[in-house]
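What follows is the residue order along each chain.
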Amino acid sequence: MLRSKIGGIGYYVPEKVVTNHDLTKVMDTSDEWIQERTGILERRYGKKHEETTTSMAARASTVAIERAGIQKEEVDFIIFATLSPDYYFPGCGVLLQRELGITNTAAGALDIRNQCSGFLYGLTVGDQFIRTGMYKNVLVVGAEMHSMGLDFTTRGRNVTVIFGDGAGAVVLQPTEEENKGILSTCLHSDGTYAEKLAFINPGAHGGYHAKYLEEPADYGYSDAEYGEMFITQRMIDEGMLFPYMDGPFVFKMAVQKFPEVIIEALDKAGLQKEDLDMVIPHQANLRISQFVQKRLGLRDSQIWNNIQKFGNTTAASVPIALCEAYEAGAVKPGDLVCLAAFGSGFTWGAAVLRW
Ligand code: ACO
């Protein structure tokens, strides 16, 4: 039976470290508040004008491709998950192809917009291509340059302190080895709460979805007949161009969905939580991961947390954490690993794999 295995993995985080103390210089927050609520001590920010979501993805991908033992021209398909793309369009997939110098036009490129669960969605899509025999080397990437779109004033503090920049990548390859590679994947979505964690402006919505909201919303539109639908002067003047998050609501949903989807993916693979060697949760918030750990009865050595030093890197967080765990020797051949994520949409998912 043909399965996908992770043939190579890599990650990259920018050099620039931004501590909680650094953030207190631009907004009303404190190291104590951030650590207590999120577990974060510091995060990385890419170098403006020199680093982007794509350039960081290329750094991570280069390592993954090398470890997979292939030439970059052998990549058949690129799947790129991000919520902070370099351009509104075209997507980062083709920008990465160019940045890596892949001139093979037979290689397809697909962008995934599923935020925190984007990498899990990408992995699942790539897995299908491998299982059906369509491709032999699928590059799945999660990368974010959050620092380019955060509100660095007190108004945006509940969101801004959480996020960091970085990239992670894997190369999926076929294996016929018994009990190796991706054993199961589960994906879910529920659009009911789309605006609870969202980056709404600029966009082409024109306020359309307000009918689904409990409270009336001001999106910052003007009365102009043409244009000004995507972006208006008011949006700029009144700071309406930043992400919004109903933190407590997201927290409640996340702590419910993470354990549920992990158990579901284990069930699907015919396994139980006692079989797990390592859980790599999306690094949303250390408190969420601690809750998941408790619910599943995992020891400290069975769950990987690195949000303390990188913050929440959304689509990049799972591959960065997995790569770090692998490099630290905490994920070894034969280990049963579960990757899981929950985020904006809401979308969530999990994958169980034998390393
Ligand atoms: N520094 C200081 N005070 C702050 C900050 C900050 N950075 N941010 C918010 N506050 C204040 C608020 O203004 C509020 O003050 P008030 O009581 O005077 O109005 C108070 O702290 C409490 O605000 P809440 O939003 O209720 O804070 P909460 O305790 O819920 O913590 C947090 C906020 C950390 C965002 C939490 O809700 C959370 O972790 N939610 C989960 C969401 C999450 O993890 N998101 C990550 C991205 S989504 C994902 O990856 C799944």
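Given the structure is predicted, the values throughout are model-derived calculations rather than measurements.

Draft legend 1. Fine view of the overall build of the protein. Per the secondary structure count, the protein includes eleven helices and 13 strands. What you see for the protein is a C-alpha radius of gyration of 20 Å, in line with the 20 Å of a compact globule of 355 residues. With respect to the three principal axes, the spread of C-alpha positions in the protein is 60 × 50 × 40 Å. Counting over 355 residues, the protein shows a buried share of 48%. Relative to all contacts within the protein whose residues are 6 or more apart in sequence, the contacts with residues 24 or more apart total 78%.

Draft legend 2. The arrangement of the site of the ligand in detail. Near the ligand lie 23 residues; those nearest to it are Thr29, Asn158, Gly247, Ala284 and Asn285. Contributing elements (two or more residues each) for the shell around the ligand: α2 (31-38), α6 (157-160), α8 (247-268) and β12 (336-343). Split into classes, the residues belonging to the shell around the ligand amount to 14 nonpolar, seven polar and two charged.

Draft legend 3. Quick peek at the packing of α8 against helix α9 (residues 286-296). Here α8 crosses α9 at 40°, and the two axes come no closer than 9 Å. One element, α8, and the other, α9, form an angle in the oblique class. As α8 packs across α9, the resulting crossing turns out to be right-handed. Each of Phe251, Ala254, Val255, Phe258, Pro259 and Ile262 in α8 lies in contact with α9, whose residues at this interface are Ile288, Phe291, Val292, Arg295 and Leu296. Of the residues in the contact of α8 with α9, the class split is ten nonpolar, no polar and one charged.

Draft legend 4. Representation of the sheet that holds strand β8 (residues 181-189) in the model. On the basis of which strands lie adjacent, the open sheet formed by four strands has the order β8-β13-β12-β11 and mixed pairing. At either margin of the open sheet sits one strand with a lone partner, and together these are β8 and β11 (278-281). The sheet shows a mean angle of 10° between the axes of neighbouring strands, taken without regard to direction. With four bridges joining them, β11 and β12 adopt parallel strand pairing. Bridge pairing links Met278 to Val337 in β12.

Draft legend 5. Representation of the sheet that holds strand β1 (residues 3-12) in the model. Pairing in this open sheet of five strands is mixed, and the strands run β1-β7-β6-β4-β5 from one edge to the other. In the strand order of this sheet, the two ends are held by β1 and β5 (108-112), each with one partner. Each strand of the sheet is rotated relative to its neighbour by a mean of 20°, with strand direction disregarded. Pairing geometry for strand β6 (residues 138-144) and strand β7 (residues 166-175), over seven bridges, is antiparallel. Note on β7: the bridge partner recorded for Glu144 is Gly166. Along the sheet, helix α5 (residues 118-131) contacts β1, β4 (77-81), β5, β6 and β7; its crossing angle with β6, the most-contacted strand, is approximately 175°.

Draft legend 6. Seen up close, the nonpolar core. In this structure, Ala57, Val141 and Ala350 are the most contacted members of the largest nonpolar core, which totals 98 residues. If one sorts the elements of this core by residue count, α8 sits on top with eight residues. If we ignore the near neighbours within four places in the chain, the residues touching Val141 are Ala57, Ala60, Ser61, Ile79, Phe80, Ala81, Leu96, Ala167 and Ala169.

Scoring rules and cut-offs
- Residues numbered from 1 in each chain as written.
- Predicted model: local features only at pLDDT ≥ 70, side-chain atom pairs only at ≥ 80, totals over all residues.
- Helix = DSSP H or I, 4+ residues; strand = E, 2+ residues; numbered from the N terminus.
- Rg over C-alpha atoms; globule rule 2.2 N^0.38 Å.
- Buried ≥ 20, exposed ≤ 12 C-beta atoms within 10 Å, placed from the backbone.
- Contact = placed C-beta atoms within 7 Å.
- Near = placed C-beta within 6 Å.
- Nonpolar A, V, L, I, M, F, W, Y, C, P; charged D, E, K, R; others polar.
- Axes fitted to C-alpha atoms, helices over the stretch in contact; angles between N-to-C directions.
- Parallel < 35°, antiparallel > 145°, perpendicular 65-115°, else oblique.
- Left-handed = near helix turned anticlockwise from the far one by under 90°.
- Pairing = 2+ DSSP bridges.
- Core = buried A, V, L, I, M, F, W, Y, C linked by C-beta atoms within 7 Å.

Keep in mind that these numbers describe shape and distance, not what the molecule does.
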